[in-house]
Amino acid sequence: MKYRTIGIIGAGVIGRSLFAYVSSLDGVEIAYILVSDKNKHAQNADMAAFVTDDAEHALDRKADLVLESATPALLSRLGPDILAHSDLCGFSCSALADRAAETAMHAAAIRSGRRFFVPHGAVLGLDGLRDGREQIEEVVITTTKSGASLGQPADARGTLFDGSTREACMRFPRNVNVHAAVAFAGIGFDRTRSIVVADPDTKMMRHHIAVSGKGLAWDISVTSQSLGGVTGSYTPASAIGSLKRILGADVFANA
């Protein structure tokens, strides 16, 4: 499908990176940039003309493709309405751990024939998880960040969570989108095990995925510098890579 109009939700590190890339494309127009408070972005001359904090007005534009990089709560709330008219790439994919939200978005996509893309985020190897899911028996993903990045006291240290990825997404919705993508591509939110570790001495964000099953075992490790908040230095590049795949010829549910 040829995407001629693209809407963007969120104007943080990822949203701004997506805006810069989409702005460079020929034959593609930005329909809107939906934010919580447009006054905060009034000084950004490049973005100002597209920025709105009126969700109803934005969705009325019916963009061909919408790129969400805001929050899981917003994705859950707007996702079904977006999918009624647009394809949707949800970077806050921990929203899918909420069964009601996943069911609503899946039903909306089925009714409209539109697609929901789950980007690979800050990790690698989702194609292997997807291809091998019938053989995979166990997936354990461990994320290590500073306590501040995890919404905890700056001096927090040690394991904060060890349990199912579904529960991790509920406990740390803005920090475990990587876990959600791994679970979605692989053996599901309930069978995938998530471990979240706080390290006050690190400025890095580390994700380690251990996969085992019938005749297979592999480890994937990704480390990136924190850009502040919940985003690592690799994430904007991976977001643009996911968008490039979506804009390409053949894509599947994980982008």
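On a predicted model such as this, the values are computed, not experimentally measured, just so you know. Every chain is numbered on its own, with residues counted from 1 as its sequence reads. Only residues with pLDDT of at least 70 get local features here, since the model is predicted, and only at 80 or more are side-chain atom pairs given and counted; chain-wide, interface and lining totals rely on the full set of residues. Working from all heavy atoms in the structure, the side-chain values ignore hydrogens and water.

## Comments concerning the overall build of the protein chain
Line of reasoning, step 1. Strands here are runs of E lasting at least two residues and helices are runs of H or I lasting at least four, both read from the DSSP assignment and numbered beginning at the N terminus. What the protein chain contains, in helices and strands, is 9 helices and 11 strands.
Line of reasoning, step 2. Its C-alpha atoms give the protein chain a radius of gyration of 18 Å, near enough to 18 Å, the size a compact globule of 255 residues would have.
Line of reasoning, step 3. Taking the principal axes of its C-alpha atoms as reference, the protein chain extends roughly 50 × 40 × 30 Å.
Line of reasoning, step 4. The rule is simple: take the accessible area with a 1.4 Å probe, protein chains only, and divide by the maximum for that residue type; under 20% is buried, over 50% is exposed, in between is partly exposed. Within the span of the protein chain, comprising 255 residues, buried residues form 51% of the whole.
Line of reasoning, step 5. The contact criterion used is simple: two residues touch if any of their non-hydrogen atoms lie within 4.5 Å. Long-range contacts, defined as pairs at least 24 residues apart, comprise 69% of the intrachain contacts of the protein chain with a sequence gap of at least 6.
Line of reasoning, step 6. Positive charge is attributed to Lys and Arg, negative charge to Asp and Glu, and no charge count is given to His or to the chain ends. Taken as the charge location is NZ of Lys, CZ of Arg, CG of Asp or CD of Glu. One finds the centroid of the 26 positive side-chain charges in the protein chain at a distance of 1 Å from the centroid of its 27 negative side-chain charges. This radius of gyration counts C-alpha atoms alone. The globule rule is 2.2 Å times how many residues there are, raised to the power 0.38.

## With respect to the sheet that holds strand β6 (residues 116–117)
Line of reasoning, step 1. Strand order across the open sheet formed by 6 strands is β3-β2-β1-β4-β5-β6, with parallel pairing between neighbours. The sheet is open, and its two borders are formed by β3 (51–52) and β6, each paired with just one other strand.
Line of reasoning, step 2. Criterion used throughout: strands pair if DSSP finds at least two bridges between them. Relative to β6, strand β5 (residues 87–90) runs parallel, the two being bridged by 2 bridges. Each residue of the ladder has a partner; that of C89, found in β6, is F117.
Line of reasoning, step 3. Across the sheet, helix α4 (residues 72–83) is in contact with β1 (5–9), β2 (29–34), β4 (65–68), β5 and β6; its angle to β5 comes to roughly 160 degrees. Working convention: axes come from line fits to C-alpha atoms, limited for helices to the stretch in contact. Angles between N-to-C directions cover 0 to 180 degrees.

## Quick look at the domain arrangement of the protein chain
Line of reasoning, step 1. Where each domain begins and ends is defined by an automated method or by a domain database. If you check the domain split of the protein chain, you get domain 1 (5–114) and domain 2 (126–231).
Line of reasoning, step 2. The straight-line distance from the C-alpha centre of domain 1 to that of domain 2 is 25 Å.
Line of reasoning, step 3. With 13 residues of domain 1 in contact, the opposing surface of domain 2 contributes 14 residues.
Line of reasoning, step 4. Buried area: the accessible area, evaluated with a 1.4 Å probe, that two parts lose upon being put together, summed over both parts. At the boundary of domain 1 with domain 2, total buried surface from both sides reaches about 1000 Å², with 65% on carbon and sulfur atoms.
Line of reasoning, step 5. Pairs of N or O atoms within 3.5 Å make up the polar contacts considered here, provided that, within protein, one atom can donate a hydrogen while the other can accept it, and that residues adjacent in sequence are counted only when both atoms are side-chain atoms. Taken together, the connections running from domain 1 to domain 2 amount to 5 residue pairs in polar contact (both at pLDDT 80 or more).
Line of reasoning, step 6. In terms of residue class, the side of domain 1 that touches domain 2 is built from 8 nonpolar, 3 polar and 2 charged. When residue character is reported, Ala, Val, Leu, Ile, Met, Phe, Trp, Tyr, Cys and Pro are called nonpolar, Asp, Glu, Lys and Arg charged, and the others, Gly included, polar.

## A short note on the packing of helix α1 (residues 13–23) against helix α9 (residues 235–247)
Line of reasoning, step 1. At a minimum axis separation of 9 Å, α1 and α9 run at an interaxial angle of 45 degrees. As judged from the angle between their axes, α1 and α9 are oblique. By crossing handedness, the relation of α1 to α9 is classed as right-handed. The segment α1 lies against α9, with V13, I14, S17, L18, Y21 and V22 engaging T235, P236, A239, I240, L243, K244 and L247.
Line of reasoning, step 2. Classifying every residue of the contact of α1 with α9 gives 10 nonpolar, 2 polar and 1 charged. Orientation categories follow fixed angle ranges, with anything under 35 degrees roughly parallel, anything over 145 roughly antiparallel, 65 to 115 roughly perpendicular, and all other angles oblique. Here a crossing is called left-handed whenever its near helix is offset anticlockwise from the far helix by less than a right angle, and right-handed whenever the offset is clockwise.

## Here we look at the sheet that holds strand β11 (residues 216–225)
Sheets are built from strands that pair by backbone hydrogen bonding, the pairs being arranged parallel or antiparallel.
Line of reasoning, step 1. Pairing is mixed in the open sheet, where 5 strands are placed in the order β8-β9-β7-β10-β11. If you trace the sheet from one side to the other, it starts and ends with β8 (158–164) and β11, each paired once. Each strand axis lies, on average, 10 degrees off the axis of its neighbour in the sheet, ignoring direction.
Line of reasoning, step 2. Helix-sheet contacts for helix α8 (residues 177–185) involve β7 (136–145), β9 (193–198) and β10 (204–213), and the interaxial angle to β7 is about 170 degrees.

## Let's talk about the UniProt feature "domain: Aspartate/homoserine dehydrogenase NAD-binding" (unreviewed entry) in the protein chain
Line of reasoning, step 1. UniProt positions are given in the numbering used here, feature names are shortened, and annotations may be inferred rather than shown by experiment. In the numbering adopted here, UniProt assigns the feature "domain: Aspartate/homoserine dehydrogenase NAD-binding" (unreviewed entry) to residues 10–119.
Line of reasoning, step 2. As annotated, residues 10–119 has a helix share of 43% and a strand share of 16%, and its two end C-alpha atoms lie 16 Å apart.

## Brief notes about the pairing of β11
Line of reasoning, step 1. Direction of pairing for β10 relative to β11: antiparallel, over a ladder of 10 bridges. Looking at the pairing, S212 lines up with A217 of β11.
Line of reasoning, step 2. Taking the residues that link successive antiparallel strands as the turn, the β10-β11 hairpin has 2 residues, and the phi of G215 there is positive, at about 75 degrees.

## Let's talk about unusual backbone geometry
Line of reasoning, step 1. A positive phi is found at K62, a non-glycine position, where the angle reads about 50 degrees.
Line of reasoning, step 2. Here K62 lies in the loop between α3 (55–60) and β4.

## Examining the pattern of salt bridges
Line of reasoning, step 1. Whenever Lys or Arg places a side-chain nitrogen within 4 Å of a carboxyl oxygen from Asp or Glu, that contact is recorded as a salt bridge. Under the criterion given, the structure shown has 8 salt bridges.
Line of reasoning, step 2. With a closest N to O distance of 3.4 Å, R115 and D87 form a salt bridge. Remark: D87 occurs in strand β5 and R115 occurs in the loop between α5 (99–112) and β6; sequence separation between them is 28 residues.
Line of reasoning, step 3. Classification of D87 as buried rests on a relative accessible area of 2%.

## Thoughts on the environment of R77
Line of reasoning, step 1. Residue position: R77 is located in helix α4.
Line of reasoning, step 2. Taking the relative accessible area as the measure of exposure, R77 reaches 55% and is therefore exposed.
Line of reasoning, step 3. Counting along the chain gives 27 residues from R77 to A104, while the straight-line C-alpha distance between them is 9.7 Å.

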